[in-house]
Amino acid sequence: MATLAFNRQEIAARLLKPALLEMDGISRAAVEAHYKLYEGYVSKRNEILARLGEVDLGSANQVYSELRALKVELSFAVGGIKNHEIYFEHLGGGGGAPDGAIAALLERDFGSVQAWRDDLKASGMAGRGWAWTAYDWDELRLFNYIGDAQNTFPIWNATPLIALDVYEHAYFLDYQTDRASYIEAFFANLDWDVVNDWVARYELEV
Ligand SMILES: [Fe+2]
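Notes on the structure follow. In this text the structure is predicted, and so the values were computed from the model without any measurement.

1. Points about the overall build of the protein
Line of reasoning, step 1. Regarding its fold elements, the protein presents seven helices and three strands.
Line of reasoning, step 2. Here the C-alpha radius of gyration of the protein, 18 Å, is about what a compact globule of 206 residues would show, namely 17 Å.
Line of reasoning, step 3. With respect to the principal axes defined by its C-alpha atoms, the protein has extents near 55 × 40 × 35 Å.
Line of reasoning, step 4. Buried positions account for 44% of the 206 residues belonging to the protein.
Line of reasoning, step 5. Within the protein, contacts between residues at least 6 apart in sequence are counted, and of these 68% link residues at least 24 apart.
Line of reasoning, step 6. Summed over its atoms, the accessible surface of the protein is roughly 11,200 Å², and 54% of this surface lies on carbon and sulfur atoms.

And the structure:
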């Protein structure tokens, strides 16, 4: 029987929600191009796992080895998948003020929804790839984290609930270098019902 370590099953890209092609402020062309990048992460993840099945473990080396290269780049591919699945899933909504449990959590952990928003926007301006609002299960609170690449800088035992993609591919087509305006469009298209579903699924207590 296969153990998890030997499970190299392929995964498929999730389908794009139709609402993502009808957003205000983030164009259909930008989303379609962005989705292709996501499909690329899925395909490379599958390819790397297949290659890992054949790799020579005896030649593992920290300076360079096939095992090292494959495992480092696997973290980039898997990060790209996870980040984008959150990103696409929680867009396509009406934005505005959050309600329900997520609103209460944001108020509790940031002081106010506006303070959370200001901090996430600034984190997005300061990051080179991502800013996430994540729940830290050890500190039992939300925090806005920065990521530069798909595989930096995750915090163990924290669960992202909001994923703001600030790679240039996310906005250059619509906003050139005006990242701040793109971040406003991101907020305006957030689907708070999706985020509240995740809060319920993770059983986060306010
Ligand atoms: Fe992206």
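2. Comments concerning the environment of L49
Line of reasoning, step 1. Here L49 lies in helix α1 (residues 28-52).
Line of reasoning, step 2. For L49, a relative accessible area of 11% gives the class buried.
Line of reasoning, step 3. Between the C-alpha atom of L49 and that of K71, which follows or precedes it by 22 residues, the distance is 8.9 Å.
Line of reasoning, step 4. Those residues in contact with L49, other than ones at most four positions away along the chain, are R8 and L74.

3. Section: the sheet that holds strand β1 (residues 130-136)
Line of reasoning, step 1. In spatial order, the strands read β2-β1-β3; together these three strands make up an open sheet with antiparallel pairing. Edge strands, defined here as strands with exactly one partner in the open sheet, are β2 (141-147) and β3 (158-165). The sheet shows a mean angle of 25° between the axes of neighbouring strands, taken without regard to direction.
Line of reasoning, step 2. As paired strands, β1 and β2 are joined by seven bridges and run antiparallel to one another. Paired with A131 across the bridge in β2 is I146.
Line of reasoning, step 3. Running at roughly 80° to β2, helix α3 (residues 100-110) makes contact with β1, β2 and β3 of the sheet.

4. Structural notes on the coordination of the iron ion
Line of reasoning, step 1. Bound to the iron ion are the protein donor atoms H34 (NE2), H84 (NE2), D165 (OD) and H169 (NE2), situated 1.9 to 2.1 Å from the metal.
Line of reasoning, step 2. For the iron ion, the four donor atoms in the first shell make angles of 87 to 141° at the metal, so the coordination geometry reads as irregular.
Line of reasoning, step 3. Of note, the donors binding the iron ion are all from one chain and are spaced H-x49-H-x80-D-x3-H. Linking H84 in helix α2 (residues 66-89) with D165 in strand β3, this pair joins segments that are 81 residues apart in sequence. Side by side, H84 and D165 carry an identical accessibility label, which is buried.

How each quantity is defined
- Residue positions are given per chain, counting from 1 as you read along its sequence in written order.
- Local features in this predicted model are restricted to residues whose pLDDT is 70 or higher, and side-chain atom pairs enter the listing and the counts only when it is 80 or higher, whereas totals over whole chains, interfaces and linings include all residues.
- The side-chain values count all of the structure's non-hydrogen atoms but skip hydrogen atoms and water molecules.
- Secondary structure elements are defined from DSSP: runs of H or I of at least 4 residues count as helices, runs of E of at least 2 residues count as strands, and each element is numbered from the N terminus.
- Restricting the calculation to C-alpha atoms gives the radius of gyration, and the globule rule supplies 2.2 Å times the number of residues raised to the power 0.38.
- Exposure classes here rest on a 1.4 Å probe applied to the protein chains alone. A residue is buried below 20% of its type maximum, exposed above 50%, and partly exposed in between.
- Contact between two residues is taken to exist if any of their heavy atoms lie within 4.5 Å; hydrogens are not considered.
- For accessible areas, the Shrake-Rupley method is used with a probe of radius 1.4 Å. Any residue's cover is judged against the shown protein chains and nothing else.
- Any two strands with at least two DSSP bridges between them are considered paired.
- Here an axis means a line fitted to C-alpha atoms, over the contact stretch when the element is a helix, while the angle between two N-to-C directions is reported on a 0 to 180 degree scale.
- Donor atoms (N, O, S) are those found within 2.8 Å of the metal centre, with the cutoff raised to 3.2 Å for Na, K and Ca; water is not part of the atom list, so apparent gaps in a site can occur.
- Square planar and octahedral sites, with four and six donors, are those where opposite donors lie more than 155 degrees apart and all other angles lie between 65 and 115, tetrahedral sites have four donors with every angle between 85 and 135 degrees, and the rest are irregular.

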